[in-house]
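# Remarks on the overall topology
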Amino acid sequence: MNFPTMDWTILMPTIVVIVTGIAALIVEMLRPKQNNNLIVGVSLVGLGYAAFLLFQQIGAPTATTAGGLVLRDQFAVLAQLITVGVTMLCFLFSEGYLREKRIAFGEFYPLAMWAASGGMMMASTNNMLMMFVGLEILSISLYCLAGMARREQRSEESALKYFLMGAFASAVLLYGIAFLFGASGTLDVSGFREAMQSDIDHLKSFALLGLAMMIVGLGFKAALVPFHQWTPDVYQGAPTNVTAFMAAASKIAAFAGLYRVLAGAVDLQSYYMDVMVVLAILTMSIGNLVALVQKDVKRALGYSSIAHAGYIMVGLLAHLNSPDKINLGSVLFYLLSYSLMTVGAFAVISLTAKGGKEGTRTQDLNGMWKKAPLAAGSLLFFVVSLIGMPPTAGFFGKLFIFKDAWNSGLQTLAIALAINSVISVFYYLQIVRAAFVDDEDVYSPQMSSMSSGLRLTCILCILGIGGATLFAQPILNVTNQAGKELNVYKHDIEDVNDDVVDSSVTPVPGLTGSEAAGG
């Protein structure tokens, strides 16, 4: 039996996150009662080391290892790096929030790191079985995290709803993978090409059916309409730090998986492109329109997250429609800015937790500008960026995606994005207005004091958004290689076999050359 040579450089960031989760769990069992400071410290050190390892791989050549199961390309490295950063930001403010909510479960930290590791696996593979394993690691951890507030009925309800609907979506995805395997005999995304090149008609039908099922399964995780129904309920019921993590890290993983699947199914683009365009428009429109009538901040941001999924899908479709002209730089820039804005907004909302209770209605933010001026100012900054007002990172993110969609021939999507950005102004401003209401006769809720971790989270998110604003073009230059490997599908595969460095002796099953790298 021949065992593939392992390139541990590619595997090490994910391994570090997993091992740090195990270490944090051991510390949790030995820690002083209801004191998670050591767990937080261990977790941040481990995540920081993983981020350092990923920084070293920026610009590294595309490579595979573990017999082709694990892939390193520019998209994978940057998506993993954003995921690790999001996890660290969530950890910074979580301890103060959990104490105010009186949730003494230190298990949050290892579970969140294992969820992050699952997302990292999804971003770094073209193998459908490996992607499914990553999805399940991510999902099972999130099911547990959503129900952490065990004394609250809505938290238990959100966990159960998320589990039942998520299990169904995962089953649909797995069924789609089975159809693809039956049609092509491979678990790699190259199976779509092999099935479509077959002379047997029913194999092509199997590939189409498999693709449809995979889009359903990953669309659920990305909160695309009509697979979005779980989002507002779960966002509202889950603890706010879990919601922040879920809104950012889960979306990065879902879109990484969608990219790999849709890029691999480029030969089926004539079948799926129109459908995905309609889904993107529906996702943007329904997310924003329903958010207009929400009175709960977390539900409003839940629908906002759905709308942003539509924006990200616009950028992804622009790249898939014109891979020779459009790379994934705009998508990665938007994922970065969206993650910072969303985590920051939910971190500020966590201030409404005090004495074991938490108010998430819009009016529960009343008077924040007097009680916590830094939090109120931060919320204003995050919301302005979420709207996409210039000159924030949110504005540049939407502008880059708009230009990509327009230049790739998807003008309808570009116009829909612009219209929906205007619609979003109304419900975002309602949130900000509530934070700056100071009429005691209206409503004056209790708020907890800002912990040092929450203060640091707000500052880092503001600096991150500001940095992305000032250095938007340099960031795009760093990400301009992401997605270019997809160009291989437009040419003869045999002409580009030497473009990929294979770190393992065994090539990617069913893929050759740069096709292994591009998804």
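These numbers come from a predicted model, not from an experiment. (Residues numbered from 1 in each chain as written. Predicted model: local features only at pLDDT ≥ 70, side-chain atom pairs only at ≥ 80, totals over all residues. Heavy atoms only, no water.)

### Side note on the overall build of the protein
For the protein, the helix and strand inventory stands at 20 helices and five strands. Of all 519 residues assigned to the protein, the portion counted as buried reaches 63%. Long-range pairs, those at least 24 residues apart, make up 80% of the contacts in the protein between residues at least 6 apart in sequence. Accessible area of the protein: about 18,900 Å², with a carbon and sulfur share of 64%. (Helix = DSSP H or I, 4+ residues; strand = E, 2+ residues; numbered from the N terminus. Buried < 20%, exposed > 50% of the residue type's maximum accessible area, 1.4 Å probe, protein only. Contact = heavy atoms within 4.5 Å. Areas by Shrake-Rupley, 256 points an atom, 1.4 Å probe, with all protein chains shown as cover.)

### Points about the nonpolar core
Of all hydrophobic cores here, the largest spans 169 residues; its most connected members are Leu317 and Met368. Ranked by the residues each element gives to this core, the list is headed by helix H10 (residues 240-264), at 17 residues. (Core = buried A, V, L, I, M, F, W, Y, C linked by side-chain atoms within 4.5 Å.)

### Considerations on the packing of helix H3 (residues 74-101) against helix H13 (residues 329-349)
One can describe the packing of H3 onto H13 by two numbers: an axis separation of 10 Å at closest approach and a directional angle of 10°. Between H3 and H13, the angle is such that the two are roughly parallel. Mapping the contact onto sequence places Phe75, Leu78, Ala79, Ile82, Val86, Leu89, Cys90 and Phe93 in H3 and Leu332, Leu335, Leu336, Ser339, Leu340, Val343 and Ala347 in H13. Tallied by class, the residues present in the contact of H3 with H13 amount to 14 nonpolar, one polar and no charged. (Axes fitted to C-alpha atoms, helices over the stretch in contact; angles between N-to-C directions. Parallel < 35°, antiparallel > 145°, perpendicular 65-115°, else oblique. Nonpolar A, V, L, I, M, F, W, Y, C, P; charged D, E, K, R; others polar.)

### Re the pattern of salt bridges
In total, this model carries five salt bridges according to the counting rule given. With a closest N to O distance of 3.0 Å, arginine 99 and glutamate 95 form a salt bridge. Taken together, the residues span about one helical turn, with arginine 99 and glutamate 95 both in helix H3 at a distance of four residues. Note that arginine 299 and aspartate 233 form a salt bridge whose closest N and O atoms lie 2.7 Å from each other. Of the two residues, arginine 299 sits in helix H12 (residues 297-321) while aspartate 233 sits in helix H9 (residues 230-237), which places them 66 residues apart along the sequence. One network of salt bridges, with partners in common, ties together Lys161, Asp233 and Arg299. (Salt bridge = Lys/Arg side-chain N within 4 Å of Asp/Glu carboxyl O.)

### Regarding the side chain of serine 124
Looking at the element boundaries, serine 124 is found in the loop between helix H4 (108-123) and helix H5 (128-146). Of note is the side chain of serine 124, whose polar atom sits 2.9 Å from the backbone oxygen of methionine 120. Here serine 124 is in contact with Leu69, Val70, Leu71, Ala76, Gln80 and Arg260, once residues within four sequence places are set aside. (Polar contact = N/O pair within 3.5 Å; in protein donor to acceptor, adjacent residues only side chain to side chain.)

### So, the confidence of the model for the protein
When pLDDT is averaged across the protein, the result is 83; 89% of the residues are at 70 or more. With pLDDT under 50 throughout, residues 486-519 is counted as low confidence; its partners more than four residues away or in other chains account for 99 contacts. (pLDDT = per-residue confidence, 0-100.)

### Side note on the packing of aromatic side chains
Counting across every chain of the model gives 20 aromatic pairs. Where phenylalanine 91 meets phenylalanine 108, the ring centres are 5.6 Å apart and the plane angle is 65°; that geometry is what we call edge-to-face. Placement of the pair is phenylalanine 91 in helix H3 and phenylalanine 108 in helix H4, with a sequence separation of 17 residues. Each of the two residues, phenylalanine 91 as well as phenylalanine 108, counts as buried. (Phe/Tyr/Trp six-rings, centres within 6.5 Å; stacked < 30°, edge-to-face > 60°.)

### Side note on the state of the cysteines
Inspection of the entire model under this criterion finds zero disulfides. Note on cysteine 461: no disulfide assigned, nearest cysteine sulfur contributed by cysteine 458 at a separation of 6.9 Å. (Disulfide = S-S within 2.5 Å.)

### Overview of H13
Compared with the 30 Å implied by 1.5 Å per residue over 21 residues, the 30 Å span of H13 between its first and last C-alpha is a close match. Most of H13 is tucked away: 20 of the 21 residues are buried. (Expected span 1.5 Å × (residues − 1).)

### Concerning the environment of serine 424
Following the sequence through the fold, serine 424 ends up in helix H17 (residues 411-435). Taking the C-alpha atoms as reference points, serine 424 and serine 304, 120 residues apart in sequence, are found 7.9 Å from one another.

### Considerations on the environment of glycine 409
Turning to its location among the elements, glycine 409 is positioned in the loop between helix H16 (393-407) and H17. On the accessibility criterion, glycine 409 (44% relative accessible area) is partly exposed. Glycine 409 sits 88 residues away from asparagine 321 along the chain, and the two C-alpha atoms are 8.0 Å apart.

### Section: unusual backbone geometry
With an omega dihedral of 10°, the bond running from valine 225 to proline 226 counts as a cis peptide bond. By the element assignment, proline 226 lies in the loop between helix H8 (201-222) and H9. Of note, the amide linkage connecting proline 390 to proline 391 takes the cis form, showing an omega dihedral of 5°. Considering the arrangement of structural elements, one finds proline 391 in the loop between helix H15 (373-387) and H16. A positive phi angle is found at alanine 223, which is not glycine, with a value near 65°. With respect to the helices, strands and loops of the structure, alanine 223 is situated in the loop between H8 and H9.

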